[in-house]
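# Residue-level structure breakdown
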Amino acid sequence: MDFDIEYISNEHLKKTIQSKIDTKTKPIGALGTLEEIALQIGMIQNTDQPCLTDPTIIVFAGDHGIAQKDEVNPYPQEVTAQMVYNFLNEGAAINVFCKQNNIHLKIVDAGVNHDFEGISGLIDAKIGYGTKNYQEKPAMNVEQCSLAIKRGADIVTETHNNGSNTIGFGEMGIGNTSSASLLMSFYTGIPVAKCVGSGTGLDTEAIKIKQKILSEAYRTYKPSTDIDILMYYGGFEIAMIVGAIFRAAELKITIIIDGFIVTAALLAAHYIHPQVLDYCIFAHTSGEQGHKKMLDFLKKKPLINLGMRLGEGTGVAIAYPIIESAVAFLNTMASFESAGVSDNQQPT
């Protein structure tokens, strides 16, 4: 993948930011994870005075061939298109939380099995009318996968050019927890059955059926290149998120990672370009059981755990004010010197 992504390694700046954090009017470490976030964003932006501009969540929607058989999900595939209309009509949870927290929201048709006929407010990046059923053949061909990655990257470039330096990703696609479970198994080495959860609400018996179907599908293919596994089991929306993550890291954008599906895309991106992890903040732990295992694999701690498993980028929108607080204290909280407060604390 032709992206120029750097590891973040400015030790002088790191010491400068950490000193600024430590000399605020508080005991060392008293703001906990907020201090870690402030340091990370400062390092991403290469400054001890970082700012968050035009925070944006991009929701990529796509359909999955396996969903047409109704064996791995309780909702019909038509729900994907119906939810896209709901996003555009500002009726979904992600609309509510973005509006509440002043986050710009973009909705992308990555590959929904529906013709939206140029409807206003929808970004048309459609690769096809849903992927193929990977029980029978690859979900997409290599050209489609590569194009999805490119289009995801291009959307981030445009978003950045319009002033955003903080971007989160969401998704919508009936059947995409199945795709994410297969990707998770490949990238983490965890057996498929232990990656599969309830998705949009399967009961215990249905989960067992889903585990069996996906385990059988997983045994049918052995990848030979970096892109193969994403091509075979991924979705158009997942591949676009991979490209979006690549470009965001290349542009030194702060990336806020949502739940199970988006983290599966991150696993794919991380497998190809490990450097992307330096630019990522993890919003929450999804209620989808495989998500915590993903986070443990990446050795990352999320900001919140509210038992949410909705997708759409809702975890990002809910967690964003915490990130705002981290930047705010770094930039505006008084130091011991400026406040005339005695500093008797000892570094530990």
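Residues numbered from 1 in each chain as written. Predicted model: local features only at pLDDT ≥ 70, side-chain atom pairs only at ≥ 80, totals over all residues. Heavy atoms only, no water.

## Focus: the sheet that holds strand β6 (residues 280-282)
Rules: Between any two strands, pairing holds if DSSP finds at least two bridges. Under the scheme used here, helices are H or I runs from DSSP no shorter than 4 residues and strands are E runs no shorter than 2 residues, and both carry numbers assigned from the N terminus. To define axes, lines are fitted to C-alpha atoms, for helices over the stretch in contact only, and angles between the resulting N-to-C directions are given on a 0 to 180 degree scale.
Spatial ordering of the open sheet is given by β3-β2-β1-β4-β5-β6, a layout of six strands whose pairing is parallel. The open sheet has two edge strands, β3 (122-124) and β6, and neither has a second partner. In this sheet, adjacent strand axes meet at a mean angle of 30° when their direction is disregarded. Note that strand β1 (residues 56-62) and strand β4 (residues 166-172) share six bridges and pair parallel. Each bridged residue has a counterpart across the sheet, and for F60 the counterpart in β4 is E171.

## A look at helix α8 (residues 204-218)
What counts is decided by this rule: The span one expects for a helix is its residue count, reduced by one, times 1.5 Å. Three labels apply to residues, based on accessible area from a 1.4 Å probe with only protein chains included: buried if under 20% of the type maximum, exposed if over 50%, partly exposed otherwise in between. Note on contacts: a residue pair is in contact if any heavy atoms of the two residues lie within 4.5 Å.
Look at α8: 21 Å from first C-alpha to last across 15 residues, which is about the 21 Å you get at 1.5 Å a residue. Here α8 has its buried residues at I207, K210, I213, L214, S215, A217 and Y218. Packed against the buried residues of α8 are α6 (176-188), α7 (192-195) and α9 (228-233).

## As for the pattern of salt bridges
Here is the rule: Any carboxyl oxygen of Asp or Glu within 4 Å of a side-chain nitrogen of Lys or Arg constitutes a salt bridge here.
Here the structure, examined in full by the defined rule, presents seven salt bridges. Taking the shortest distance from any N to any O, the salt bridge between K26 and E35 comes out at 2.8 Å. The class for E35 is buried, based on a relative accessible area of 7%. Linking K150 and D154 is a salt bridge whose minimum nitrogen-to-oxygen distance equals 2.7 Å. Note that K150 and D154 are positioned in helix α5 (residues 142-161) at a spacing of four residues, about one turn of the helix. Judged by its relative accessible area of 47%, K150 is partly exposed. On the basis of relative accessible area, D154 is assigned to the partly exposed category, the value being 32%.

## Focus on the environment of L52
Along the polypeptide, L52 turns up in the loop between α2 (33-45) and β1. Considering only alpha carbons, one finds L52 and T166, 114 residues apart in sequence, at a separation of 6.2 Å. Ignoring sequence-local partners within four residues, the contact set of L52 consists of I41, Q45, N165, T166, Y320, I323, E324 and V327.

## Some details on unusual backbone geometry
If a residue is not glycine, its phi is most likely negative; likewise, a peptide bond is most likely trans. A positive phi angle, close to 45°, is found at D54, a residue other than glycine. For D54, the position within the fold is in the loop between α2 and β1. Taking the relative accessible area as the measure of exposure, D54 reaches 35% and is therefore partly exposed. One non-glycine residue with positive phi stands out, namely K299, at about 60°. Along the polypeptide, K299 turns up in the loop between α12 (290-298) and α13 (314-332).

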